[in-house]
Amino acid sequence: MELKNIKILINQKNFIDAKNGLLELINNKVQFINNLVNLDDNYKNLYYTLSQVCIQLNEIKESKKYLTKHLEINPKDCEAFLNLANMQLRSQEIDNAEKTYKNILKINENYLPAIVNLAIFYEGIGKIDKAIKYYDIAIEIEPNNLKFHYSLLRANPNYLNDKKIEFIKNLIKSEKIPKKDKFLAKLILSESCEKNKDYPNEIKFLKLSQKEFLENNVDKKSKEYWSDIIPYYYNNLIYKNNSKNILKNFKPIFIIGLPRSGSTLTELILSTSKTPKSIIGESSLINFSLINIFGEKLFQKPKVNKIEIDIELIEKKILLNLKNLNIFTLDKPTFIDKSLENFFYIDLIIKIFPKAKFVITERNIVDNILGIYKKVLLNISWAHSISGIIEYIDKYINIISFYKKKYNNNIISIKLDDLQNFDRKKILNLFIFCGLEFNEKFFEFKKQNIFIKNASNIQIRNNLYKVDNNKYKKYYYLLMSYKKKYPWIKF
């Protein structure tokens, strides 16, 4: 097959045939590829193209294998090294990822994507000083990039000063901010006002920031799915074909609930157990597998009463994803997943993982609403207006109540206050419920060498996980108009 025909297949998203065509082409060209004698540039990148096709097929191990072959031929390809490092990080190969990011900067010390990813990497594993160092370097290269300024503000609460605020205001006036980054300018100004205890202007800029993010950044299809589609279908899925019990011996722990409720702290505390396990973070393992196979049915309009879901197909997809994450081994049958949206999928999960346990993290619900709203959560489509947050939480409360009754023995709740106060009895009970060996030094969770990428990570790593219970009272007025419709909003 000719390379031009393979490119047509890729453009048509026919990745299976594209992969087969590339393998055939590589087999025909392999001696030339290995010798590198007058090799056409198109053929130098065959392994890289094959690696990218494998990513589209969700064959991550295969992708890494071909990417490594590509780098043997192209040892100075920074973009390929970056892809490799990102895949290593995805499978929690912390040391390998760090080494690969650093190798890129040996090739090109000003390669901005590697600098930024290294900053994000250090932020995620809790080495905040190193993260700040690389964000500073990124700002030297692109001083007008608001993403870097905001990242520095999150890593260092004292980053802002009058000079930087003036710089942000001038940047707004210049109208040179990319459309998708406009919300960041307002968000930075909001946080500056909060620091100066100018709460009315804090909320004014926060509302503008959330509005701009909602208009320019939120995926409308994602918002529809989480706000309307899956809340409708969660109890209207009919499961056909019995599970083949491929995963019956696994003992996964799913941390579920609402953002800003203590889920990251729970994950870190559980990670201190010496029981062999894998930490896969916010993997979206279940959601990805369901959408990948049945997305067309779920998004069909008008909605239907029931949708048939083939358990065997979902199981195979999950199995592939577990292999991609390097955790498919019965020597380590426990993994901890912190995809909070999994409360929608409890029925499906238990059919595939009959030994699954669910940990619900809870905090004062009013504070939880405001905690979500005051953080512009970039990856959560429903969280950018108070009404949207409240509507989602109302559905969450009803669904969790339903499943607590249905699977009482599989579900435990833990309160943020108990986590923050290191309540030994409650935390011991949590370990026992999860089937994990208790670690008396669970409070040393910051020593865990795992990568976490979310809004709470820096706060926890900087010993700021103990929240003042009065922190949000000055914002309660924002919820006053919702109290009548939602009686669970109490203050």
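Shown above is the structure to which this text applies.
Residues numbered from 1 in each chain as written. Predicted model: local features only at pLDDT ≥ 70, side-chain atom pairs only at ≥ 80, totals over all residues. Heavy atoms only, no water.

## Brief notes about the overall build of the chain
Inference 1: When helices and strands are counted, the chain shows 23 helices and 7 strands.
Inference 2: Taken over C-alpha atoms, the radius of gyration comes to 24 Å for the chain, in line with the 23 Å a tight globule of 491 residues would show.
Inference 3: Taking all contacts inside the chain whose residues are at least 6 apart in sequence as the whole, residues at least 24 apart take part in 71%.
Inference 4: Carbon and sulfur atoms make up 48% of the accessible area of the chain, which totals about 23,900 Å².
Inference 5: One way to put it: in the chain the 80 positive side-chain charges average out to a point 4 Å from where the 54 negative ones average out. (Helix = DSSP H or I, 4+ residues; strand = E, 2+ residues; numbered from the N terminus. Rg over C-alpha atoms; globule rule 2.2 N^0.38 Å. Contact = heavy atoms within 4.5 Å. Areas by Shrake-Rupley, 256 points an atom, 1.4 Å probe, with all protein chains shown as cover. Lys, Arg positive; Asp, Glu negative; His and termini not counted. Charge placed at Lys NZ, Arg CZ, Asp CG, Glu CD.)

## What about the packing of aromatic side chains?
Inference 1: For the coordinates displayed, the defined rule picks out 32 aromatic pairs.
Inference 2: Taking 5.9 Å as the distance between ring centres and 20 degrees as the angle between the ring planes, the aromatic pair formed by Tyr122 and Tyr134 counts as stacked. Residue Tyr122 is found in helix H8 (residues 112–124), and its partner Tyr134 is found in helix H9 (residues 128–141); the two are separated by 12 residues along the sequence. Each member of the pair, Tyr122 as well as Tyr134, is classed as buried.
Inference 3: Between Phe438 and Phe442 the ring centres are 5.7 Å apart and the planes differ by 45 degrees, which places this aromatic pair in the tilted class. In this pair, the class of Phe438 matches that of Phe442, namely buried.
Inference 4: What links up through ring pairs into an aromatic cluster is the set Tyr225, Trp226, Phe299, Phe343, Phe344, Trp382, Tyr392 and Tyr396. (Phe/Tyr/Trp six-rings, centres within 6.5 Å; stacked < 30°, edge-to-face > 60°. Buried < 20%, exposed > 50% of the residue type's maximum accessible area, 1.4 Å probe, protein only.)

## Topic: a positive patch on the surface
Inference 1: On the surface, Lys179, Lys180, Lys182, Lys220 and Lys223 cluster together into a patch of positive charge.
Inference 2: Looking at where Lys220 falls in the secondary structure, it is placed in helix H14 (residues 220–233).
Inference 3: Note on Lys220: relative accessible area 53%, which makes it exposed. (Patch = residues over 30% accessible without salt bridge, like charges linked within 9 Å, V, L, I, M, F, W, Y side chains within 5 Å. Salt bridge = Lys/Arg side-chain N within 4 Å of Asp/Glu carboxyl O.)

## Points about the packing of helix H19 (residues 365–373) against helix H20 (residues 386–406)
Inference 1: Where H19 contacts H20, the axes come no closer than 10 Å and their chain directions differ by 135 degrees. Considered as vectors, H19 and H20 are oriented oblique to each other. The hand of the H19/H20 crossing is right-handed. Contacts between H19 and H20 involve Ile365, Ile369, Ile372 and Tyr373 from the first element and Ile386, Ile389, Ile390 and Ile393 from the second. (Axes fitted to C-alpha atoms, helices over the stretch in contact; angles between N-to-C directions. Parallel < 35°, antiparallel > 145°, perpendicular 65-115°, else oblique. Left-handed = near helix turned anticlockwise from the far one by under 90°.)

## Things to note about the pattern of salt bridges
Inference 1: Summed over all chains, the structure comprises 20 salt bridges.
Inference 2: The partner of Lys186 in a salt bridge is Glu212, and the shortest N-O contact between them spans 3.1 Å. Of this pair, Lys186 sits in helix H12 (residues 182–195) while Glu212 sits in helix H13 (residues 199–216), and the two are 26 residues apart along the sequence.
Inference 3: Judged by relative accessible area, which is 17%, Glu212 ranks as buried.

## What to know about the environment of Asp198
Inference 1: Turning to its location among the elements, Asp198 is positioned in the loop between H12 and H13.
Inference 2: On a C-alpha basis, the gap between Asp198 and Leu270 in space is 39 Å, while along the polypeptide they are 72 residues apart.
Inference 3: Of note is the side chain of Asp198, whose polar atom sits 2.9 Å from the side chain of Asn201. (Polar contact = N/O pair within 3.5 Å; in protein donor to acceptor, adjacent residues only side chain to side chain.)

## Description of the pairing of strand S3 (residues 278–281)
Inference 1: Here S3 shows no split at all, with Ser278 and Ile280 on one side and Ile279 and Gly281 on the other all buried.
Inference 2: Looking at chain direction, S3 and strand S5 (residues 335–337) are connected through 3 bridges and run parallel. Across the sheet, residue Gly281 finds its bridge partner in S5, namely Asp337. (Pairing = 2+ DSSP bridges.)

## Some details on the packing of helix H4 (residues 46–56) against helix H5 (residues 60–73)
Inference 1: Where H4 contacts H5, the two axes come as close as 8 Å, and the packing angle between them is 165 degrees. One way to sum up the angle between H4 and H5 is to call them roughly antiparallel. As for how H4 packs across H5, the hand of that crossing is left-handed. Within the contact between the two elements, H4 uses Tyr47, Tyr48, Leu50, Ser51, Cys54 and Ile55 and H5 uses Glu62, Ser63, Tyr66, Leu67, Lys69, His70 and Ile73.

## Quick word on the side chain of Glu341
Inference 1: Of note, Glu341 is situated in the loop between S5 and helix H18 (346–352).
Inference 2: Lys338 is the oppositely charged side chain nearest to the buried, salt-bridge-free Glu341, at an N-O distance of 8.9 Å.
Inference 3: Setting aside residues up to four positions removed in sequence, Glu341 forms contacts with Trp226, Ser284 and Asn287.

## Topic: the side chain of Glu98
Inference 1: As for its placement among the helices and strands, Glu98 is situated in helix H7 (residues 94–107).
Inference 2: Overall, Glu98 belongs to the buried group, its relative accessible area being 14%.
Inference 3: Among all residues touching Glu98, those that are not within four sequence positions of it are Phe121 and Tyr122.

## Section: H8
Inference 1: The first and last C-alpha atoms of H8 sit 18 Å apart over 13 residues, in line with the 18 Å expected at 1.5 Å per residue.
Inference 2: The buried count for H8 comes to 10 of 13 residues, which makes it a mostly enclosed element.
Inference 3: Listed in full, the buried residues belonging to H8 are Leu112, Ala114, Ile115, Val116, Leu118, Ala119, Phe121, Tyr122, Glu123 and Gly124.
Inference 4: After H8 finishes, the residue Gly126 shows a positive phi value of roughly 90 degrees. (Expected span 1.5 Å × (residues − 1).)

## Considering the environment of Ser63
Inference 1: Within the fold, Ser63 resides in helix H5.
Inference 2: With a relative accessible area of 0%, Ser63 lands in the buried category.
Inference 3: In the structure, Ser63 is positioned 24 residues away from Met87 in sequence and 9.0 Å away in space, judged by C-alpha atoms.
Inference 4: Contact partners of Ser63, with chain neighbours within four places excluded, come to Ser51, Cys54, Ile55 and Met87.

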